[in-house]
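Each chain, letter by letter, is given below.
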Amino acid sequence: MYRQLSQAEIEILEKQGCTADNWKNIEVKIAFSADNIRNVEFAGKVKLGTLEELVLVEEGVSKLSSIQNCFIQNCTIGDNVYLAEIGTLSNYQIEEGVAIENVGILAVNGNTSFGNGYEIDVLNEGGGREWPIFDMMSAQ
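Computed from a predicted structure; not experimentally measured.

Undergrad: An account of the environment of K29 is requested, with residue identities and associated values reported.
TA: Here K29 lies in strand β3 (residues 26-29). Between the alpha carbons of K29 and G49 there is a distance of 5.3 Å; along the sequence they are 20 residues apart. Once residues lying within four places of it in the same chain are set aside, the contact partners of K29 are M1, Y2, R3, L48, G49, T50 and D79.

Okay, here's the thing in C-alpha cells:
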C-alpha cells in the first residue's frame, strides 16, 4: 500500500539534499521514513519502500538500508535496499534487500525480458533442440 509524501517528509528530503521534478509523483509505503535518503534526484513516477534494516552488501559486510547520491527515474524500490553512488537508475523494479553501489547507469528502455524466453541451442551442434532461457535456469 502506497501513499503520497507528506509536506513534512518533503521538507526533510529537501534538507537532506533531495530534489524531484514533481514531489506528487513520489509514492511511499505507509511506514516510510525519509531519514535514510540523502542527495537523491527523483524524476518521473517513483515508489519507495521502507528503509529500516541492515542489508548484506557482500559476504561479511552489512550496511544500513538507505538511498544516497543517486538519480532515480520511474522506478519501484522495495523495502530495505542499499542504493549508493548510482549515476542513473531508470525504469527498474528493485526488489527487497537488494544492494547496488558505484554504478554509472542502470537503465531499461522499452519492453525487456533480460533473455527470458530467448531460445538457445543446447548440446546439439546440428540445431533443432532449442531451449528457452528463464530466470531460474542454472548453467547445469
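Undergrad: Any chance you could break down the sheet that holds strand β9 (residues 76-77) for me, citing the residues and the numbers?
TA: The strand order across the open sheet formed by five strands is β1-β3-β5-β9-β11, and the pairing between neighbours is mixed. Pairing within the sheet leaves two strands with one partner each, and these edge strands are β1 (2-4) and β11 (93-94). Note that β3 and strand β5 (residues 46-48) share three bridges and pair parallel. Note that in β5 the partner of E27 across the bridge is K47.

Undergrad: An account of the pairing of strand β7 (residues 61-64) is requested, with residue identities and associated values reported.
TA: Bridge count between strand β6 (residues 54-58) and β7: four bridges; the pairing is antiparallel. Counted as the bridge partner of E58 is V61 from β7.

Undergrad: Explain the side chain of S65 to me, and be specific about the residues and the numbers.
TA: For S65, the position within the fold is in the loop between β7 and β8 (66-73). Apart from residues no more than four positions distant in its own chain, S65 is found in contact with N36, L51, E52, E53, L54, V55, N80 and V81.

Undergrad: Requested: an account of the nonpolar core, with residues and values cited.
TA: For soluble globular proteins, the rule of thumb is that nonpolar side chains tend to be buried together. Residues I37, F42, L48, I67, I72, I77 and L83 are the most contacted members of the largest nonpolar core, which totals 26 residues. Of all the secondary-structure elements, those providing two or more residues to this core are α1 (7-15), β3, β4 (37-43), β5, β8 and β10 (82-90). The contact partners of L48, leaving out residues within four places of it in the chain, are Y2, I26, E27, V28, K29, F32, I37, F42, I67 and I77.

Undergrad: Kindly report on α1, identifying the contributing residues and their values.
TA: Listed as buried for α1 are E9, I10 and L13. What you see down the axis of α1 is that its buried residues fit within an arc of 100°, all on one side. Looking at α1, the residues exposed on the side facing more than 90 degrees away from the buried face are Q7 and K15. In the segment just after α1, G17 is the residue with positive phi, at about 85°.

Undergrad: Tell me about the packing of aromatic side chains, residues and numbers included.
TA: According to the stated counting rule, one finds one aromatic pair in the structure shown. Its guanidinium or amino end placed over the ring of Y2, K47 lies 5.0 Å from that ring's centre, counting from NZ or CZ.

Basis of the calculations
- Residues numbered from 1 in each chain as written.
- Predicted model: local features only at pLDDT ≥ 70, side-chain atom pairs only at ≥ 80, totals over all residues.
- Heavy atoms only, no water.
- Helix = DSSP H or I, 4+ residues; strand = E, 2+ residues; numbered from the N terminus.
- Contact = heavy atoms within 4.5 Å.
- Pairing = 2+ DSSP bridges.
- Core = buried A, V, L, I, M, F, W, Y, C linked by side-chain atoms within 4.5 Å.
- Buried < 20%, exposed > 50% of the residue type's maximum accessible area, 1.4 Å probe, protein only.
- Arc of directions from axis to C-beta.
- Phe/Tyr/Trp six-rings, centres within 6.5 Å; stacked < 30°, edge-to-face > 60°.
- Lys NZ or Arg CZ within 6 Å of the ring centre and 35° of its normal.

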